[in-house]
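Below, each chain spelled out in residue letters.
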Amino acid sequence: MEQLITEERPDPRGTNGFLNSRWAILPILVLAAAILSIGISRDYRLKHEDNNALHAAFGRAHIEAGPRVTKLHDAYVSRKSGRAHFYAHHPPGCGLFLGGVFSVTGSNRPQVVRGVAIAATLATLVLAWSIVRREEGPEAALIAAFVFAVIPQAAFYGRMVNHEVLALPFIVLLVDRYFALARGGGLRAGVGLVAAATVGALIAWVTFFALAVCAVHAALSRRRRETFPAAGPALVLLLTTGVSLFAFDIAHIAWVKGGDLSDLAAIFSSRVGAGQTYGPFEWTHKMLGFSRRLATASGTFALIWLAIRCVRALFRKATLKPVEEFAAVFLGAGVGYLAVFNWGAWQHHYWQFPLLPAIVIALSLAVVSSAEKARGGPRRVIFGLLLGIIVLEVLSTSAVMLYKRHTTPEDRVIQAVEKLQSRYL
C-alpha cells in the first residue's frame, strides 16, 4: 500500500527495529478491526445505523430490480409495485459499491454491509499512517494510527456505510497524489489524482471540498518553486477535474430525475442552513461538542492548535512542516464541508468524519512533541503530566463513548429500519 503512495524517505530520527518496519502497523490494524467488528452481525439498532439499512436497500435494488430500473442511481424500489423513487441528494457510489459486494458474496446481511465500511476505514487508516510515516517518521505514524483506531468517530462510525466513510480513503489518496504532483511527480501522480478524485466524486460531495482546498493550496504555492515546482500544472488539473466531475454528478442526477433538479436544490438549500435560527456561536459550540465527544478533547484541542498554526503560516508568521501541510488540507476540506452544509452538520455527528486525518496527524504531533520535551529540559515535569493527561483522556473518552454507543439502541432507528426492510427491495 505504501509503495502506491510515494517512494519512502529515510526517517530523520534514525529509528531502528520493529517500529521502523512496515509490519509495525499490523497490531494496530488488528486492534482497529476488532473494535470495528463489535456486534458486526447484529441487527441495525444503534445511533444512525438506519444509514446501513438505507444504503443496503439501494444496493439490493441494483441487484434485484436491475440497472434499467435504478439507472445506476440510489432508488427506493417498492416491493409491491416495483416502481422506483430516486434518492437524488447524493452521488450514487455507496449503493453501487454495496450492490457489487452483494453480487459477489451472494449476501446482504449486516456483517457484509458493515464489512464494506470497515474495509474503507482500515484503508484510510493505512493511507494516513503511510503519509505520516513518510513525512514525519515511524513514531508519529504509529501514534496517529493508534489514535485513529480508538477514537469514537472512527471506531464507531467507521463501521457505518455512508458517503463520508466510503469516500475518505479516496480523499486521502487524492490529497497525497496532489502533493506528489505539485512536488514534480509527473504523469503517474496526475493519473492517481484523477482516478482517486473520480471514485471519490461518485461517492460523496465532500470530495469536491478536498479538490477545492488542494486547488487553493496549489494557487498559494505557485511561488514556492523549490518545494512545489509543479503547483501551476497541478492547479489546472485540479480545476479541470473538479468541474468535470461535478458536472457529471449533476448531469446524472438530472437524467434519472427527468431533468428535474428541484429535490437537489431543496436539499442543498436546507443543508446550508436556509431558514434555520441558530447563529454562528451556537453552531460552533455544537460542532465543538460533537468533536469533544467523538474525537476526544485532546484531539479537538490539537485540531484547534493546528488551525492556529495554519492561520499564522498564511500570514507568513510561521512555517508548517510538510506533514502539517497535509493536515491543513484535510482540515480545510472538513471544516469547509461542515460550514457550507451547516444544517446537515448540525444534525449528523458523522459529518465530521472527513476531519479524521487532520485530527490524528495533529494529535500525533502533539504527543511526540510532549514526549520529547518530557525526556529533558526545565519543563519536563509539565510536559510529562501533559502527555499523561492526553493518553488518559483519549483512552477514557473512547472507552466511555464506545460503551454508550454500543449499549444504547434507538427506537427511531429500529422503526426506520423496519420500514425500509418491509417496503423496499
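Every residue gets a number counted from 1 within its own chain, in the order that chain's sequence is written. With pLDDT at 70 or above as the cut-off, local features in this predicted model cover only qualifying residues; side-chain atom pairs require 80 or more to be listed or tallied, and sums for whole chains, interfaces and linings still use all residues. The side-chain numbers reported here are obtained from all heavy atoms of the structure, hydrogens and water having been left aside.

### Notes on the overall build of the protein chain
Heads up, the rule is: Strands here are runs of E lasting at least two residues and helices are runs of H or I lasting at least four, both read from the DSSP assignment and numbered beginning at the N terminus. When we talk radius of gyration, it's over C-alpha atoms, and the globule rule is simply 2.2 Å times the number of residues to the 0.38. Think of it in three bands: residues with accessible area under 20% of the maximum for their type are buried, residues over 50% are exposed, and the middle band is partly exposed, with areas taken using a 1.4 Å probe on protein chains only. Contacts: residue pairs with any heavy atoms within 4.5 Å of one another. Residue-level accessible areas treat just the shown protein chains as cover; the underlying method is Shrake-Rupley with a 1.4 Å probe. Counted as positive: Lys and Arg. Counted as negative: Asp and Glu, with His and the chain ends omitted from the count. Where a charge sits is defined by one atom per residue type, namely NZ (Lys), CZ (Arg), CG (Asp) or CD (Glu).
From N to C terminus, the protein chain includes 19 helices and 2 strands. Scaling as 2.2 N^0.38, a compact globule of 425 residues should have a C-alpha radius of gyration of about 22 Å, and the protein chain matches this with 22 Å. Looking at the 425 residues of the protein chain, the share that counts as buried comes to 55%. Put simply, 77% of the contacts in the protein chain that link residues at least 6 apart link residues at least 24 apart. Summed over its atoms, the accessible surface of the protein chain is roughly 18,900 Å², and 63% of this surface lies on carbon and sulfur atoms. For the protein chain, the separation between the mean place of its 43 positive charges and that of its 26 negative charges on side chains is 2 Å.

### Here's the deal with the pattern of salt bridges
Operational definition: Each reported salt bridge corresponds to a side-chain nitrogen of Lys or Arg within 4 Å of a carboxyl oxygen of Asp or Glu.
Summed over all chains, the structure comprises 12 salt bridges. Between Arg 114 and Glu 49 there is a salt bridge, with its nearest N and O atoms 3.1 Å apart. One end of the pair, Arg 114, is in helix 5 (residues 110-136); the other, Glu 49, is in the loop between helix 1 (26-36) and helix 2 (50-64), and 65 residues separate them in sequence. Here Arg 114 matches Glu 49 in class, with each residue buried. Here Glu 324 ties to Arg 309 by a salt bridge, and the two come within 2.9 Å at their closest N and O atoms. Separated by 15 residues along the polypeptide, Glu 324 in helix 15 (residues 322-340) and Arg 309 in helix 14 (residues 297-314) bring together distant segments of the chain. Given a relative accessible area of 8%, Glu 324 falls into the buried group.

### Here's the deal with the confidence of the model for the protein chain
Put simply, the test is: You can read pLDDT as the predictor saying how much it trusts each residue, on a scale of 0 to 100.
Across the protein chain, pLDDT averages 92, with 96% of residues at or above 70. Ranking the elements of the protein chain by mean pLDDT puts helix 12 (residues 262-271) last with 89 and helix 8 (residues 163-182) first with 98. Considering only residues more than four positions removed or in separate chains, one finds that residues 1-15, a stretch of pLDDT under 50, has 36 contacts.

### Details of the packing of aromatic side chains
Keep this limit in mind: Side-chain rings of Phe, Tyr and Trp (the six-membered ring for Trp) are treated as a pair once their centres are within 6.5 Å; stacked means planes under 30 degrees apart, edge-to-face means over 60, and tilted covers the remaining angles.
Taken as a whole and assessed by the stated rule, the structure comprises 23 aromatic pairs. For the pair Tyr 157 and Tyr 350, a centre-to-centre distance of 5.8 Å together with 55 degrees between the ring planes defines the contact as tilted. One end of the pair, Tyr 157, is in the loop between helix 7 (152-155) and helix 8; the other, Tyr 350, is in the loop between helix 16 (342-347) and helix 17 (356-374), and 193 residues separate them in sequence. On the basis of relative accessibility, which here comes to 0%, the residue Tyr 157 falls in the buried class. Given the relative accessible area of 4%, Tyr 350 is considered buried. Three or more aromatic residues joined by ring pairs make a cluster, and in this case those are Trp 205, Phe 208, Phe 209, Phe 246, Phe 268, Tyr 337, Phe 341 and Trp 351.

### Concerning a nonpolar patch on the surface
Convention followed: Candidate patch residues must exceed 30% relative accessible area and have no salt bridge, after which like charges are joined if within 9 Å and Val, Leu, Ile, Met, Phe, Trp or Tyr side chains if within 5 Å.
Taken together, the side chains of Val 216, Leu 220, Val 311, Leu 314 and Phe 315 make up a nonpolar region of the molecular surface, amounting to roughly 500 Å² of accessible area. Breaking the nonpolar patch down by element, the ones donating at least two residues are helix 10 (206-220) and helix 14. Relative to the elements of secondary structure, Phe 315 occurs in the loop between helix 14 and helix 15. Take Phe 315: its relative accessible area is 56%, and that puts it in the exposed class.

### Notes on empty space enclosed by the protein
This is how it is decided: Here a cavity denotes grid points, spaced 1 Å and computed from the protein atoms alone, that fit a 1.4 Å probe unable to get out, and a pocket denotes an open set having protein on both sides within 12 Å along at least 5 of 7 lines; residues with an atom within 4 Å of a point are the lining. Grid points are joined across faces, edges and corners, and a volume is the space filled by probe spheres set on the points.
All chains considered together, the criterion is met by 2 cavities of 30 Å³ or more. Approximately 60 Å³ is the volume found for the largest cavity. What lines the largest cavity is simply His 89, His 90, Trp 205, Ile 267, Phe 268, Arg 271, Tyr 337, Phe 341 and Trp 351. Sorting elements by how many residues they give to the lining of the largest cavity places helix 12 first, with 3 residues.

### Notes on unusual backbone geometry
What you tend to see is this: most non-glycine residues have negative phi, and most peptide bonds are trans. In this structure, His 48 takes a positive phi of about 65 degrees despite not being glycine. If you trace the backbone, His 48 turns up in the loop between helix 1 and helix 2. The phi angle at Lys 71 is positive, at roughly 55 degrees, despite the residue not being glycine.

### Focus: the environment of Gly 232
Looking at the secondary structure, you find Gly 232 in helix 11 (residues 231-256). Assessed through its relative accessible area of 23%, Gly 232 is described here as partly exposed. Here the alpha-carbon distance between Gly 232 and Ala 212, two residues 20 residues apart in the chain, equals 14 Å.

### Some words on the nonpolar core
Put simply, the rule is: In these notes, a set of buried Ala, Val, Leu, Ile, Met, Phe, Trp, Tyr and Cys residues joined through side-chain atoms within 4.5 Å is what counts as a nonpolar core.
In this structure, Leu 125, Val 175, Tyr 178, Leu 238 and Leu 306 are the most contacted members of the largest nonpolar core, which totals 135 residues. Not counting residues up to four positions away in its chain, the partners in contact with Leu 306 are Glu 324, Ala 327, Ala 328, Leu 331, Ala 358 and Ala 362. Among the nonpolar cores identified, the runner-up in size contains 6 residues, and Ala 61, Ala 75, Phe 86 and Leu 425 belong to it.

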